[in-house]
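One letter stands for each residue in the lines below.
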Amino acid sequence: MLREHHKIISVDDHIVEPSHVWTNHLPKQFVEDGPQIVDQPGHTQAWKMEGKLYALNLLGSPQTRNFRTDGTGEDLYARHYDDMTPGAYEPKARLAAMDEDGVWAQVNFPTFPRFGGTRFLENRNKELASACVQAWNNWLLDEWCAAAPDRFIPMTLVQLWDPELAAQEMKRCAEKGARAISFIESPGPLGLPSFWTDHWDPVFRTAEETGMVICMHVGTSGKLPTPSKESEAHSDAVPISLCGLNSMTALADLTFSGMMHRYPGVKIALSEGGSGWVPYLLERMDYTWARTRIGVDRSISPSDIFRRNFWTCFISDRTAIVNRHAIGVDKLMWESDYPHNDSEWPNSRKYFAEAVVDVPDDEVQMISELNARNLFNFWD
């Protein structure tokens, strides 16, 4: 069970960037076209970049956002900083929220750049886009993580449109203390070359050389599984319930692509995809691998690739806890998802403790803290 002295580390949380990130950290020639907050009618705000407006959104819980309506009675995302808990965008307030929640440390994903930094694929000016990536990274490392180096695990972005440039940025950030990059779980839907090509080799080679973890958050390929037309579906319940399919797809694609054979030292975290599905997919991949004669590497089984290269995380996943030995206790990590709607804040420690009440102490400590510390090389 979870003991009082056990610390909890969350490997998936989110930051709503404060308004000064790019105005303070971009070179002067890019500030005018770079991201900046502008006020809109109806007490709303938006990001403006290259003359285009992007909504300021937070899909929070009743504890982390104010629910307002648009006159139709439907609850909307938080669309003004006034609608959000300060812990969403201010590091000292985040630390207070973590203390209240019983969470010691966090890995934080971006919001405006999207979880994998895909927003900057849209920029007409790729010099501006690259400067935006670097500005976000500098802010994250020099301000957010610097506010509490023992409690924020630094993860940075890369230039997805240029793998060589991305590799250079990875090395720069690694020298500044970054432990991971936020990456895409499936390039194809974004119109980018797949993992079956050598296009992404500079990124994976650099990840292997630096030890940086590649974090693949569900939805970074553009969307979550949505069987029905978006215009007809009236709830996010279906895609959010199916978000584990994104992680399953990424695991299978990478496993059979040959990428993990070329770079056996790469470490990949499948973020917010849950863990309970792992035993089935490993069994199915091994079964398929044994019967496929063309286009697969015979030197190592898919399940062994998983055990060598991949880690998963969960918020609430009793199936994973029950089947932890089939998954690998060392492959399981916990996440809070603060300040999003999936988060149990401010009761995360309580709910986690209830979920592992029948699990041996040493295994609880692995899942709650040590696996994350080992993967991200993050020690006090």
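Up top is the structure these notes are about.
This structure is a prediction, so every number in the text was calculated from the model and none was measured.

Caption draft 1: Main features of the overall build of the protein. Assigned secondary structure in the protein consists of 15 helices and twelve strands. A compact globule built from 380 residues would reach a C-alpha radius of gyration of about 21 Å, and the protein, at 20 Å, matches this within 12%. Each principal axis of the C-alpha atoms in the protein carries an extent, and together these give about 60 × 50 × 45 Å. Counting every position in the protein, which comprises 380 residues, the buried fraction comes to 53%. Of the roughly 16000 Å² of accessible surface on the protein, a fraction of 50% belongs to carbon and sulfur atoms.

Caption draft 2: Here's a closer look at the pairing of strand β10 (residues 268-271). Of the two faces of β10, the one lined by Ile268 and Leu270 and the one lined by Ala269 and Ser271 are each fully buried. Pairing geometry for β10 and strand β11 (residues 310-314), over three bridges, is parallel. Its bridge partner lying in β11, Ile268 is registered against Phe310.

Caption draft 3: Highlighting the environment of Phe310. Within the secondary structure, Phe310 is located in strand β11. What makes Phe310 buried here is its relative accessible area of 0%. Separated by 160 residues in sequence, Phe310 and Asp150 have C-alpha atoms that sit 24 Å apart. Those residues in contact with Phe310 that sit more than four places away from it in its chain are Leu251, Leu254, Thr255, Met260, Ile268, Leu270, Ile305 and Lys331.

Caption draft 4: Structural detail: unusual backbone geometry. Residue Pro339 follows Tyr338 across a cis peptide bond; omega there is 0°. Within the secondary structure, Pro339 sits in the loop between β12 (332-334) and α14 (348-355). The step from Trp345 to Pro346 runs through a cis peptide bond, and the omega angle for that step is 5°. On the secondary structure map, Pro346 appears in the loop between β12 and α14. Here the phi dihedral of Arg114 falls at roughly 70°; this positive angle occurs in a residue that is not glycine.

Caption draft 5: Spatial organisation of helix α10 (residues 278-291). Compared with the 20 Å implied by 1.5 Å per residue over 14 residues, the 20 Å span of α10 between its first and last C-alpha is a close match. Residues of α10 that are buried include every one of Val278, Leu281, Leu282, Met285 and Trp289, and no others. Taken around the axis of α10, the buried residues stretch over an arc of 100°, which confines them to a single face. Exposed and facing more than 90 degrees away from the buried side of α10 are Tyr280, Glu283 and Arg291. As for α10, its buried residues are in contact with α8 (244-257), α11 (302-309), β11 and α13 (324-327).

Caption draft 6: Geometry of a nonpolar patch on the surface. There is a patch of nonpolar side chains on the surface, built from Val238, Leu242 and Leu245 and spanning about 220 Å² of accessible area. By secondary structure assignment, the location of Val238 is in helix α7 (residues 237-241).

Caption draft 7: Region of the structure containing the side chain of His217. With respect to the element layout, His217 can be found in strand β9 (residues 213-217). His217 gets classed as buried once you look at its relative accessible area, which sits at 2%. Within the structure, His217 has its side chain in polar contact with the side chain of His14 (distance 3.5 Å). Beyond its immediate sequence surroundings of up to four residues, His217 is in contact with Asp12, His14, Phe109, Phe115, Phe183, Glu185, Ser271 and Glu272.

Caption draft 8: Region of interest: the sheet that holds strand β3 (residues 44-49). Strands sit in the order β2-β3-β4 across an open sheet of three strands; the sheet is antiparallel. Sheet topology places β2 (36-40) and β4 (52-55) at the edges, where each strand pairs with a single neighbour. With strand direction ignored, the average angle separating the axes of adjacent strands in the sheet is 45°. Pairing between β2 and β3: five bridges, direction antiparallel. Bridged to Val38 within β3 is Ala46.

Caption draft 9: Layout of the nonpolar core. Residues Trp22, Phe183, Phe204, Met216 and Ile268 are the most contacted members of the largest nonpolar core, which totals 89 residues. In terms of residue count, the dominant contributor to this core is helix α4 (residues 126-144) (eleven residues). The contact partners of Ile268, leaving out residues within four places of it in the chain, are Phe204, Ile214, Met216, Leu254, Met260, Asn309, Phe310 and Trp311. Counting residues in each nonpolar core, the second largest holds 18 residues, with Ile9, Met333, Phe376 and Phe378 among its members.

Caption draft 10: Layout of the pattern of salt bridges. According to the stated counting rule, one finds eleven salt bridges in the structure shown. A salt bridge links Glu122 to Arg114, with the shortest nitrogen-to-oxygen separation between them at 2.7 Å. Residues Glu369 and Arg373 are paired through a salt bridge, measuring 2.7 Å at the closest nitrogen-oxygen approach. Here Glu369 pairs with Arg373, and both are found in helix α15 (residues 361-376), just four residues apart, close to one helical turn. A relative accessible area of 2% means that Arg373 is categorised as buried.

Caption draft 11: Broad picture of the packing of α8 against α10. At their nearest, the axes of α8 and α10 sit 11 Å apart, and the two run at 30° to each other. Between α8 and α10, the angle is such that the two are roughly parallel. Pair α8 / α10 crosses with right-handed handedness. In this structure, α8 contributes Met248, Leu251, Ala252, Thr255 and Phe256 to the contact, and α10 contributes Leu281, Leu282, Met285 and Trp289. Residues that form the contact of α8 with α10 fall into these classes: eight nonpolar, one polar and no charged.

Criteria and cut-off values
Residues numbered from 1 in each chain as written. Predicted model: local features only at pLDDT ≥ 70, side-chain atom pairs only at ≥ 80, totals over all residues. Heavy atoms only, no water. Helix = DSSP H or I, 4+ residues; strand = E, 2+ residues; numbered from the N terminus. Rg over C-alpha atoms; globule rule 2.2 N^0.38 Å. Buried < 20%, exposed > 50% of the residue type's maximum accessible area, 1.4 Å probe, protein only. Areas by Shrake-Rupley, 256 points an atom, 1.4 Å probe, with all protein chains shown as cover. Pairing = 2+ DSSP bridges. Contact = heavy atoms within 4.5 Å. Expected span 1.5 Å × (residues − 1). Arc of directions from axis to C-beta. Patch = residues over 30% accessible without salt bridge, like charges linked within 9 Å, V, L, I, M, F, W, Y side chains within 5 Å. Salt bridge = Lys/Arg side-chain N within 4 Å of Asp/Glu carboxyl O. Polar contact = N/O pair within 3.5 Å; in protein donor to acceptor, adjacent residues only side chain to side chain. Axes fitted to C-alpha atoms, helices over the stretch in contact; angles between N-to-C directions. Core = buried A, V, L, I, M, F, W, Y, C linked by side-chain atoms within 4.5 Å. Parallel < 35°, antiparallel > 145°, perpendicular 65-115°, else oblique. Left-handed = near helix turned anticlockwise from the far one by under 90°. Nonpolar A, V, L, I, M, F, W, Y, C, P; charged D, E, K, R; others polar.

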